[in-house]
Amino acid sequence: MDIKTALATARAFLQEKEIETPRLDAEVLLAHVLRCSRAGLYANSHRQLNENELNRYKKLVEKRACGQPVAYLVGHKEFMGLDFTVSPAVLIPRPDTELLVETAVSLLKKSGAAEPLAVDVGTGSGAIAVSLAHFIPELHVLAVDVSEDALAAARQNARLHGVENRIKFLHGNLLEPVMEQYPGLKADIICANLPYVPSGDIPQLAREVKNEPITALDGGPDGLDFYRQLVPQAEKTIKPGGSLLIEIGPGQGKPALELFNNWSEAELYHDLGGRERLVAAQL
Ligand SMILES: C[S@@+](CC[C@H](N)C(=O)[O-])C[C@H]1O[C@@H](n2cnc3c(N)ncnc32)[C@H](O)[C@@H]1O
């Protein structure tokens, strides 16, 4: 079978299985098997696949048809223009979270601190911590997660992007390991993309999302349980004038802003789709 026929067959199969982007997924998976770009598939559309390539492709397409996310199947995902290794132990970094990173980079640059310190709470793949360290060469980061597997993935991504010397990885609940291991430490900025899906919405999530770790998704009855615990901890671990950035979901803007009543400022940001996505607060 040649590339063109393999793609057409896979696309039709994925479409029949109600996969949202059958053509794109068929291409990404075949490009992964053949270790080429998507454009490369079209440049060589008459090339024959050997038996091994065809078998590997069929297995990936079948897994995709069962709802496994493409990023887990190919083992990586682009975020902030950087390539991140991902596995089912971590949430797949989302384009929505780039708003948080861009806002954090801009606040850190404005602060003018010589060697600023950031904390990334719930680091997962390390998407936020690694991107911040990549874009701000003088930045030091503490990255926390309750999942040892996530921390291992984040460490791997830090090595991949050459920032492992500026990120320390801590295991534990929210800011507790920071307060225990660095008593009195004050950060310039704390970033958190903690689980914020309301528990009652979990059963309705897309089947792809249900393949991701539940500990990365479920934020309690209204989705804000983790942030309710985090905000008072952050008040003890942020420099005066420092910032806390929390990613939220649509409809959570008002209750999330109310968590910052004691703070000097809190602003709600929307993502490119116009949905409430981020609260940035200054102490
Ligand atoms: C929504 S994912 C975000 C991952 C990554 N920061 C990103 O933006 O792609 C939430 C992460 O928070 C971690 N987490 C959940 N509860 C936590 C807690 N109590 N303390 C620290 N991390 C927690 C999960 O293990 C998961 O890696």
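To be clear, the structure that these remarks concern was listed above.
Rules of the game
Residues numbered from 1 in each chain as written. Predicted model: local features only at pLDDT ≥ 70, side-chain atom pairs only at ≥ 80, totals over all residues. Heavy atoms only, no water. Near = heavy atom within 4 Å. Polar contact = N/O pair within 3.5 Å; in protein donor to acceptor, adjacent residues only side chain to side chain. Buried < 20%, exposed > 50% of the residue type's maximum accessible area, 1.4 Å probe, protein only. Helix = DSSP H or I, 4+ residues; strand = E, 2+ residues; numbered from the N terminus. Pairing = 2+ DSSP bridges. Right-handed = clockwise from strand over helix to strand, strands pointing away. Core = buried A, V, L, I, M, F, W, Y, C linked by side-chain atoms within 4.5 Å. Contact = heavy atoms within 4.5 Å. Axes fitted to C-alpha atoms, helices over the stretch in contact; angles between N-to-C directions. Parallel < 35°, antiparallel > 145°, perpendicular 65-115°, else oblique. Left-handed = near helix turned anticlockwise from the far one by under 90°. Nonpolar A, V, L, I, M, F, W, Y, C, P; charged D, E, K, R; others polar. Salt bridge = Lys/Arg side-chain N within 4 Å of Asp/Glu carboxyl O.

Glancing now at the site of the ligand. Contacts to the ligand come from 19 residues, most closely from Gly 122, Asp 145, Asn 173, Leu 174 and Asn 193. At 2.7 Å, a side-chain N or O of Asn 173 approaches a nitrogen atom of the ligand.

Let us look at the pairing of strand S3 (residues 117–121). Of all 5 residues in S3, 5 are buried; the element is thus mostly enclosed. In S3, alternate side chains face the same way, and those of Leu 117, Val 119 and Val 121 on one face and Ala 118 and Asp 120 on the other are all buried. With 5 bridges connecting them, S3 and strand S4 (residues 140–145) associate as parallel partners. Along S4, the bridge assignment pairs Asp 120 with Ala 143. Considered for its hand, the β-α-β crossover made up of S3, helix H7 (residues 127–135) and S4 is right-handed. Pairing of S3 with strand S6 (residues 187–192) involves 4 bridges; the strand directions are parallel. The partner of Val 119 across the bridge, within S6, is Ile 190.

This brings us to the nonpolar core. Counting residues in each nonpolar core, the largest one holds 32 residues, and the members touching the most others are Leu 132 and Ile 167. Listing elements by their share of this core, those giving two or more residues are strand S2 (82–85), helix H6 (98–111), H7, S4, helix H8 (148–160), strand S5 (167–171), S6 and strand S9 (276–282). Ignoring anything within four residues of it in the chain, the contact list for Leu 132 reads Val 101, Ala 104, Val 105, Ala 118, Leu 139 and Cys 191. Core analysis: the next-biggest nonpolar cluster, separate from the first, contains 29 residues, Leu 117, Val 119, Val 144 and Ala 281 among them.

Next up on the list: the packing of helix H1 (residues 3–16) against helix H2 (residues 22–34). Taken N-terminus to C-terminus, the directions of H1 and H2 make an angle of 135°; their axes are 8 Å apart at the nearest point. Regarding the angle of H1 to H2, the classification is oblique. The handedness of the crossing between H1 and H2 is right-handed. Only Pro 22, Arg 23, Asp 25, Ala 26, Glu 27, Leu 30 and Leu 34 of H2 make contact with H1, whose side of the interface consists of Ile 3, Ala 6, Leu 7, Ala 10, Arg 11, Leu 14 and Gln 15. Of the residues assigned to the contact of H1 with H2, the class counts are 9 nonpolar, 1 polar and 4 charged.

What follows concerns the sheet that holds S6. Strand order in the open sheet made by the 7 strands is S5-S4-S3-S6-S7-S9-S8, with mixed pairing throughout. With one partner strand each, in any of the chains shown, S5 and strand S8 (265–270) form the two edges of the open sheet. Strand after strand, the sheet turns through a mean of 15° between neighbouring axes, direction not considered.

Another point: the pattern of salt bridges. Scanning the entire structure with this criterion turns up 14 salt bridges. For Asp 188, the salt bridge identified is with Lys 239, shortest N-O distance 2.9 Å. Of this pair, Asp 188 sits in strand S6 while Lys 239 sits in strand S7 (residues 238–247), and the two are 51 residues apart along the sequence. Classification of Asp 188 as buried rests on a relative accessible area of 13%. Judged by its relative accessible area of 32%, Lys 239 falls in the partly exposed class. Taking the shortest distance from any N to any O, the salt bridge between Arg 228 and Asp 225 comes out at 3.2 Å. With Arg 228 and Asp 225 both in helix H11 (residues 225–237) and 3 residues apart, this pair spans about one turn of that helix.

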